[in-house]
Amino acid sequence: MNAAVIEVAGLRKRYGEFTAVDGISFDVRKGEVFALLGTNGAGKTTTIEILEGYLKASGGTARVFGHDPADRGPLRSRIGVVLQESGLFGDLSAAETVTAWRRFTSGARPVAEALELVGLSGQASTRVKRMSGGERRKLDIALATLGRPELLFLDEPTTGLDPEARRRVRDLVGELAGAGMTVLLTTHYLEEAQELAARVAIMDKGRIVTHGTMAEVLGRGSGRVAFDLPGGATPEGLPVGERDALTVTGRRCVIVTAEPESVAHSVLGWAHTRGLKLTGFDVRQATLEEVFLDIAHHSGQEVTT
Ligand code: ATP
């Protein structure tokens, strides 16, 4: 198992009487993309800001490369941060922005390499105010990775981007991770997290509700068994367990179940005994979005994904 880059144990943050982070524990290992997800106000940004050294915890411990993140000296050159809001100057070109940033970054990549890395070589002389949202986000990432950090914090890197720009930024994050960078990602785009992250933690009201490898977390959600009933057949006697839910829309039957494989098996047996041929048969695990919505539903939250 890879070494832990981030170790969080019993972490708490209080704002007066309000507890924003309520005793959470997780770790992020070297070279992995870890997604910290959650409902609005769950405490993700607070957690990340503690790890970045911008906020002080009220209790528990947080370690980044074995250091207290408040002790920023030894960590500064090892960490890159992409904040939710970027603070770029509109009148500077992309190349001028990188040039200015290089003055404050030790071991910085050359300008051309930094732009090339994020696919902005063609926009080197474009002023920031003329760049698209996706291009600006890439420039943010170019700046955050300028000093070749080992750990990158990405707080909602694709919010507000169109699907194509999101895809490009997502590919870029995948490439950076593929090159060995450790990434702590927050996002409300769950398919993005599902694609990029090896491990995930989902927060709600300051606590981690579920966490583990992506496969473990998806396996804890409810899967789906779906099929079309042939004309004339009725869903009578379908093997639907007490904890499963069957919906029938026209001829389409969908069973939501914690045990999709065994329900699929029983459904095929049920059809076979009746001499029915089912079409459009589909068995799948929960998606991350379904796991998330389930958590949000039980929490009674309005959900914005
Ligand atoms: P979102 O997905 O909406 O960005 P989040 O999970 O990042 O949410 P945080 O920004 O960490 O959530 O906020 C957690 C909670 O702490 C929220 O209820 C927020 O209102 C509260 N909070 C954050 N900063 C402060 C502060 N300085 N004073 C008081 N409460 C705060």
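What this report covers is the structure whose coordinates are included nearby. (Residues numbered from 1 in each chain as written. Predicted model: local features only at pLDDT ≥ 70, side-chain atom pairs only at ≥ 80, totals over all residues. Heavy atoms only, no water.)

1. Examining the overall build of the protein chain
Logical step 1: Secondary structure summary: the protein chain contains 9 helices and 13 strands in total.
Logical step 2: Looking at the protein chain as a whole, 45% of its 305 residues are labelled buried.
Logical step 3: When the accessible area of the protein chain is evaluated, it comes to approximately 14900 Å², of which 49% is carbon and sulfur surface.
Logical step 4: Side chains of the protein chain carry 36 positive and 39 negative charges; the gap between the two charge centres is 4 Å. (Helix = DSSP H or I, 4+ residues; strand = E, 2+ residues; numbered from the N terminus. Buried < 20%, exposed > 50% of the residue type's maximum accessible area, 1.4 Å probe, protein only. Areas by Shrake-Rupley, 256 points an atom, 1.4 Å probe, with all protein chains shown as cover. Lys, Arg positive; Asp, Glu negative; His and termini not counted. Charge placed at Lys NZ, Arg CZ, Asp CG, Glu CD.)

2. Looking at the pairing of strand S1 (residues 4–15)
Logical step 1: Pairing analysis gives 9 bridges linking S1 to strand S2 (residues 18–29), with the strands arranged antiparallel. Of the residues in S2, the one forming a bridge with Ile-6 is Val-28.
Logical step 2: Hairpin remark: S1 followed by S2, antiparallel, with 2 residues in the connecting loop; positive phi at Gly-16, about 60°. (Pairing = 2+ DSSP bridges.)

3. A word on the nonpolar core
Logical step 1: Core analysis: the largest hydrophobic core is formed by 49 residues, its most contacted members being Leu-139, Ile-202 and Leu-288.
Logical step 2: Here the element with the most residues in this core is helix H5 (residues 163–178); it accounts for 6 residues.
Logical step 3: When sequence neighbours within four positions are dropped, the list of residues in contact with Leu-139 reads Leu-88, Ala-94, Thr-97, Val-98, Leu-115, Leu-120, Val-128 and Met-131.
Logical step 4: Of all hydrophobic cores here, the second largest spans 24 residues; its members include Val-5, Val-28, Ile-79 and Phe-153. (Core = buried A, V, L, I, M, F, W, Y, C linked by side-chain atoms within 4.5 Å. Contact = heavy atoms within 4.5 Å.)

4. What about unusual backbone geometry?
Logical step 1: Phi at Arg-148 takes a positive value of approximately 50°, unusual for a residue other than glycine.
Logical step 2: With respect to the helices and strands, the residue Arg-148 is situated in the loop between helix H4 (133–144) and strand S6 (151–155).
Logical step 3: Non-glycine residue Lys-205 carries a positive phi angle of around 50°.
Logical step 4: As for its position among the elements, Lys-205 is in the loop between strand S8 (199–204) and strand S9 (207–213).

5. Side note on the site of the ligand
Logical step 1: Among the 13 residues in the neighbourhood of the ligand, the closest are listed as Asn-40, Gly-41, Lys-44, Thr-45 and Thr-46.
Logical step 2: Protein contact buries 60% of the 640 Å² of open area that the ligand shows by itself.
Logical step 3: Elements with a contribution of two residues or more to the shell around the ligand: S2 and helix H1 (44–51).
Logical step 4: By residue number, the principal contributor to the shell around the ligand is H1, which donates 3 residues.
Logical step 5: Of the residues that constitute the shell around the ligand, the class distribution is 4 nonpolar, 7 polar and 2 charged. (Near = heavy atom within 4 Å. Nonpolar A, V, L, I, M, F, W, Y, C, P; charged D, E, K, R; others polar.)

6. Some details on the side chain of Thr-145
Logical step 1: Here Thr-145 shows up in the loop between H4 and S6.
Logical step 2: A polar atom in the side chain of Thr-145 sits 2.7 Å from the backbone oxygen of Ile-141.
Logical step 3: Setting aside residues no more than four positions away along its own chain, Thr-145 makes contact with Arg-109, Leu-117, Leu-152, Leu-176 and Met-181. (Polar contact = N/O pair within 3.5 Å; in protein donor to acceptor, adjacent residues only side chain to side chain.)

7. Side note on the sheet that holds strand S5 (residues 79–82)
Logical step 1: With respect to topology, 6 strands assemble into an open sheet ordered S5-S6-S7-S3-S8-S9, the strand pairing being mixed. Strands with a single pairing partner mark the edges of an open sheet, and in this sheet they are S5 and S9. When the angles between neighbouring strand axes are averaged without regard to direction, this sheet yields 15°.
Logical step 2: Of the pairings in the sheet, the one linking strand S3 (residues 33–38) to strand S7 (residues 182–186) comprises 3 bridges and is parallel in character. Following the sheet pairing, Ala-35 is matched in S7 by Leu-185.
Logical step 3: On the sheet, H4 packs against S5 and S6 and is oriented at approximately 160° with respect to S5. (Axes fitted to C-alpha atoms, helices over the stretch in contact; angles between N-to-C directions.)

8. Quick word on the pairing of S6
One face of the sheet, then the other: side chains in a regular strand alternate in exactly this way.
Logical step 1: S6 sits mainly inside the fold: 5 of its 5 residues count as buried.
Logical step 2: Judged by which residues are buried, S6 turns out to be covered on both faces: Leu-151, Phe-153 and Asp-155 on one side and Leu-152 and Leu-154 on the other are all buried.
Logical step 3: Pairing geometry for S5 and S6, over 4 bridges, is parallel. Bridge pairing in S6 links Ile-79 to Leu-151.
Logical step 4: Strand direction decides the pairing type here: S6 and S7, joined by 5 bridges, are parallel. Looking at S7, one finds that Leu-151 is bridged to Thr-182.
Logical step 5: Between S6 and its parallel partner S7, the chain crosses via H5, and the hand of that crossover is right-handed. (Right-handed = clockwise from strand over helix to strand, strands pointing away.)

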